[in-house]
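Read off the chains here:
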Amino acid sequence: MQRPLLMALPRFGVATTSRISVLNRPCRIRPSTLLASRAFSLWPSKPTPAPETDLLPDAAVPSNPIPDASIPAAPEKLSDVVEAAFNTLPTETLIPPLQLGDLAAQGLCGMNPAGIYRLCLEYVNVTTGLPWFWTIVATGVAARLIAAPFLVRSSQKQAIMQQYHTRLQPLQAESMKAAMAKDTVTAMRLNAEIKAIRSEAGVGQMQLLQGPLVQGVMGIGSFLGIRGMAEAPILQLTQSGVDWLPNLTAVPPTWFSAVFAGMIFVQTRLAIREQPPDMQGRKFLEFMSYGMPLLTVPSMAWFNIPAGVVVSMITFSAVHIAQSSILLIPAVRRVLGLNPLGKPLAELAPPVRKRQKSL
């Protein structure tokens with residue numbers, strides 16, 4: 001009885017069995033078949049494990065998988081997630097623009113210089129759609145253009161009074177001495193003579209002050225109005241619309257305050273040029289032209305002046321510089337009836353018609 005010997009021929013994970021006789025009968029397996037496998041053994045070997053495959057079925061594997069590089073790393077903190085979501089929102093949806101009546105609803109508008117100026121700012125911003133930086137600039141330019149006729153009128157009246165300076169100066173000096181000596185009778189007599197000369201010139205005290213008064217009211221309204229909006233705060237001012245000065249409620253950088261200081265210097269020097277060389281107070285203006293710019297930069301930081309206020313003051317100063325530069329042109333001065341530049345007060349004389357009337 002023959003017992004077949006079961007031989008395993010593993011080859012590439014396939015088990016091959018053959019029967020070999022124990023007698024001296026020829027083997028049914030060719031030697032080439034045995035030599036074809038390097039893992040030939042007379043003992044059975046373990047089957048080669050099948051290659052690992054995905055546990056997911058073929059239908060669950062995506063046809064176009066997302067590359068690993070496109071998957072963002074998980075944030076370490078919850079605040080990172082909130083900040084990332086906040087930054088992806090458009091700015092317009094975060095802080096809506098103002099509407100007409102919003103400032104009045106917050107009690108920021110009223111019948112005072114600051115309240116009226118805030119109302120003007122709101123109207124310009126809503127009707128034009130300008131960013132708040134350019135809203136402040138546009139409103140400041142408009143305010144100074146409105147005040148320009150009053151300033152020109154005051155300059156004309158001041159030019160007339162300069163022509164009577166040689167007659168008024170002695171009387172004013174004597175009136176001051178009488179007041180200090182408590183000589184009421186003499187002071188009243190001198191004041192009556194001063195009033196008569198002003199009446200002859202056709203210039204009233206309010207006519208001399210109307211330009212500086214209008215300019216001062218607008219400056220106070222701008223300063224208090226914008227500062228009140230920054231302290232409220234009006235959140236729209238935190239988005240100025242310019243990259244180099246993004247927040248109008250914060251203290252401006254030092255270089256921005258230095259720009260305003262430089263404009264004060266130019267404005268004061270132009271005012272000195274408009275005055276006669278022998279005008280009283282000229283030396284004080286010389287001192288102020290250097291002292292005020294030096295005090296401006298530290299004052300801005302000390303008093304925490306918001307950037308929006310500085311923008312308005314720079315706008316006012318720029319328009320004033322432009323107006324002064326125009327008034328320094330000789331042809332313009334002749335048309336407006338202003339006195340020639342550089343002429344001393346002693347050489348100025350009132351018009352012939354008025355001088356004959358005084359005689």
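Model, not experiment: these values are computed from the prediction.

Caption draft 1: Seen up close, the packing of helix 9 (residues 205-231) against helix 12 (residues 307-327). Packing of helix 9 against helix 12 leaves a shortest axis separation of 8 Å and a crossing angle of 160°. The angle between helix 9 and helix 12 falls in the class roughly antiparallel. Crossing of helix 9 against helix 12: the hand is right-handed. Along the contact surface, helix 9 presents Gln215, Met218, Gly219, Ser222, Phe223, Ile226 and Arg227, while helix 12 presents Gly308, Val309, Ser312, Met313, Phe316 and His320. For the contact of helix 9 with helix 12, the class distribution of residues is six nonpolar, six polar and one charged.

Caption draft 2: Region of interest: the packing of helix 5 (residues 113-128) against helix 6 (residues 132-163). Between helix 5 and helix 6, the shortest axis-to-axis distance is 9 Å and the interhelical angle comes to 120°. The angle between helix 5 and helix 6 falls in the class oblique. The chirality of how helix 5 crosses helix 6 is right-handed. Residue-level inspection shows Tyr117, Cys120, Leu121, Val124 and Asn125 of helix 5 in contact with helix 6, the latter providing Trp132, Thr135, Ile136, Ala138, Thr139, Gly140 and Ala143. Considered class by class, the residues forming the contact of helix 5 with helix 6 number eight nonpolar, four polar and no charged.

Caption draft 3: Spotlight on the packing of aromatic side chains. By the definition in use, this model includes six aromatic pairs. Ring centres of Phe133 and Trp134 lie 4.9 Å apart, and the angle between their planes is 85°; on these two criteria the pair is classed as edge-to-face. Given the relative accessible area of 6%, Phe133 is considered buried. Taking 6.2 Å as the distance between ring centres and 50° as the angle between the ring planes, the aromatic pair formed by Trp244 and Phe256 counts as tilted. Of this pair, Trp244 sits in the loop between helix 9 and helix 10 (254-274) while Phe256 sits in helix 10; the two residues are 12 residues apart in sequence, bridging distant segments of the chain. Note on Trp244: relative accessible area 44%, which makes it partly exposed.

Caption draft 4: View of the pattern of salt bridges. Considering all chains together, one arrives at four salt bridges under this definition. Residue Glu200 is joined to Arg167 by a salt bridge in which the shortest nitrogen-to-oxygen separation is 3.4 Å. One end of the pair, Glu200, is in helix 8 (residues 184-201); the other, Arg167, is in helix 7 (residues 165-180), with 33 residues separating them in the sequence. Of the residues examined, Glu200 reaches a relative accessible area of 15% and is grouped as buried. Using a relative accessible area of 36% as the deciding quantity, one classes Arg167 as partly exposed.

Caption draft 5: View of unusual backbone geometry. Put simply, Ala232 and Pro233 share a cis peptide bond, and its omega is -10°. Examined against the element boundaries, Pro233 turns out to sit in the loop between helix 9 and helix 10. The backbone of Lys182 shows a phi angle near 60°, a positive value even though the residue is not glycine. Note on placement: Lys182 falls in the loop between helix 7 and helix 8.

Rules behind the numbers
Residues numbered from 1 in each chain as written. Predicted model: local features only at pLDDT ≥ 70, side-chain atom pairs only at ≥ 80, totals over all residues. Heavy atoms only, no water. Axes fitted to C-alpha atoms, helices over the stretch in contact; angles between N-to-C directions. Helix = DSSP H or I, 4+ residues; strand = E, 2+ residues; numbered from the N terminus. Parallel < 35°, antiparallel > 145°, perpendicular 65-115°, else oblique. Left-handed = near helix turned anticlockwise from the far one by under 90°. Contact = heavy atoms within 4.5 Å. Nonpolar A, V, L, I, M, F, W, Y, C, P; charged D, E, K, R; others polar. Phe/Tyr/Trp six-rings, centres within 6.5 Å; stacked < 30°, edge-to-face > 60°. Buried < 20%, exposed > 50% of the residue type's maximum accessible area, 1.4 Å probe, protein only. Salt bridge = Lys/Arg side-chain N within 4 Å of Asp/Glu carboxyl O.

Fair warning: the whole summary comes from geometry, so function is off the table for now.
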